Amino acid sequence: MSGETGLITTHPDGCPRCWWAGLDPVYVAYHDTEWGVPEYDGRALYEKLILDGFQAGLSWITILRRRDGFRRAFDGFVPERIARYTEADIERLMGDAGIIRNRAKIVGAIAGARAWLAIEEAGPGFSRFLWDFVDGRPIQSGAQVRADIATETEVSKQISRALKAKGFTFCGPTIVHAFMQATGMVNDHLAGCHRHAACAALAQG
């Protein structure tokens, strides 16, 4: 790794990236292709919210390395399927070494699937439910250095309260803000990162 300037790191490929991407290929690919990209698909938003909940107390790279295992174990994160899970499914998941085996988080994923269905059925859907908190457009934080990036905001607190009221768990303000960063509801790429302008441009579309 070369050319470190503040909290932007210039990688061997010449691209300046946010400090947290490091050199792990899995993390770099996630940083370059997913993090900060606006996500509007309701099912994908459910998946990312649940995975962020599973991350609580762990590092995100731990979740990324197990994401395929999570998708297999949780039926592709299709809420309609997960909402029908029984105690037998909970026990199956507790025995699956491909995921994080935490009973409370597994139960929370099932509760979240049922809450997702209720929101979908009530209209206008889970995606609209979330994006309405930012008026349908990603927040551009304009962060210059790491210290400019919040761990929670008034918006993440509002979303957290709304999700909990609907029946979601493991969705505190910090987890929700991380979710917002991941799904492009807020663009927290540092201004010097090569993905900052790219994600900002996506928000214009």
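Just above sits the structure.
Conventions we followed
Residues numbered from 1 in each chain as written. Predicted model: local features only at pLDDT ≥ 70, side-chain atom pairs only at ≥ 80, totals over all residues. Heavy atoms only, no water. Helix = DSSP H or I, 4+ residues; strand = E, 2+ residues; numbered from the N terminus. Rg over C-alpha atoms; globule rule 2.2 N^0.38 Å. Buried < 20%, exposed > 50% of the residue type's maximum accessible area, 1.4 Å probe, protein only. Contact = heavy atoms within 4.5 Å. Areas by Shrake-Rupley, 256 points an atom, 1.4 Å probe, with all protein chains shown as cover. Axes fitted to C-alpha atoms, helices over the stretch in contact; angles between N-to-C directions. Parallel < 35°, antiparallel > 145°, perpendicular 65-115°, else oblique. Left-handed = near helix turned anticlockwise from the far one by under 90°. Polar contact = N/O pair within 3.5 Å; in protein donor to acceptor, adjacent residues only side chain to side chain. Nonpolar A, V, L, I, M, F, W, Y, C, P; charged D, E, K, R; others polar. Phe/Tyr/Trp six-rings, centres within 6.5 Å; stacked < 30°, edge-to-face > 60°. Lys NZ or Arg CZ within 6 Å of the ring centre and 35° of its normal.

**Student:** Mind showing me how you'd approach the overall build of the protein here?
**Tutor:** Scanning the protein from terminus to terminus reveals 11 helices and 4 strands. In terms of overall dimensions, the protein is globule-like: its C-alpha atoms have a radius of gyration of 17 Å, near the 17 Å expected for 205 residues. Projected onto the principal axes, the alpha-carbon positions of the protein cover approximately 50 × 40 × 25 Å. Here the protein, with 205 residues, has 48% of them falling under the buried criterion. Taking as baseline every contact in the protein between residues at least 6 positions apart, the subset at least 24 positions apart corresponds to 63%. Element-wise, carbon and sulfur atoms account for 53% of the exposed surface of the protein, whose accessible area totals about 9400 Å².

**Student:** Would you take a moment to explain the packing of helix 6 (residues 87-94) against helix 7 (residues 103-122) for this structure?
**Tutor:** Each pair of packed helices gets described by two things: the angle between the helix axes and the distance between those axes. Where helix 6 contacts helix 7, the two axes come as close as 10 Å, and the packing angle between them is 135 degrees. In terms of their interaxial angle, helix 6 and helix 7 are classed as oblique. Considering how the two elements wind past one another, helix 6 and helix 7 form a crossing that is right-handed. Contacts between helix 6 and helix 7 involve Glu87, Ile90, Glu91, Leu93 and Met94 from the first element and Arg103, Ile106, Val107 and Ile110 from the second.

**Student:** Where do I start with helix 1 (residues 25-33) in this structure?
**Tutor:** One turn of an α-helix holds 3.6 residues; hence residues three or four places apart share an orientation. Burial in helix 1 covers these residues: Tyr27, Val28, Tyr30, His31 and Asp32. Taking the backbone nitrogen of valine 26 as reference, a side-chain oxygen 2.8 Å away marks aspartate 24 as the first, capping residue of helix 1.

**Student:** What's the story with the packing of helix 2 (residues 42-55) against helix 7 in this structure? I'm lost.
**Tutor:** Look at helix 2 against helix 7: their axes get within 10 Å of each other, and the N-to-C directions meet at 155 degrees. The orientation of helix 2 relative to helix 7 falls into the category roughly antiparallel. The hand of the helix 2/helix 7 crossing is right-handed. Note on element contacts: helix 7 touches helix 2 through Lys105, Ile106, Ala109, Gly112, Ala113 and Trp116, opposite Gly42, Arg43, Tyr46, Ile50, Gly53, Phe54 and Gln55. Considered class by class, the residues forming the contact of helix 2 with helix 7 number 7 nonpolar, 4 polar and 2 charged.

**Student:** Looking at this model, I keep getting lost on the packing of aromatic side chains. Mind explaining?
**Tutor:** Any aromatic ring pair is given by two values, namely how distant the centres are and how the planes are angled relative to each other. All chains considered together, the criterion is met by 14 aromatic pairs. Geometrically, the ring pair formed by phenylalanine 126 and phenylalanine 129 is stacked, given 6.3 Å between the ring centres and 20 degrees between the ring planes. In this pair, phenylalanine 126 and phenylalanine 129 both sit in helix 8 (residues 126-131), 3 residues apart, roughly one turn of the helix. Taken individually, phenylalanine 126 and phenylalanine 129 each receive the classification buried, so the pair is uniform in this respect. Site record: aromatic cluster; members linked through ring pairs are Tyr46, Phe54, Phe70, Phe74, Phe77 and Tyr85. For the cation-ring pair, arginine 92 lies above tyrosine 85, with the distance from its terminal atom to the ring centre recorded as 5.4 Å.

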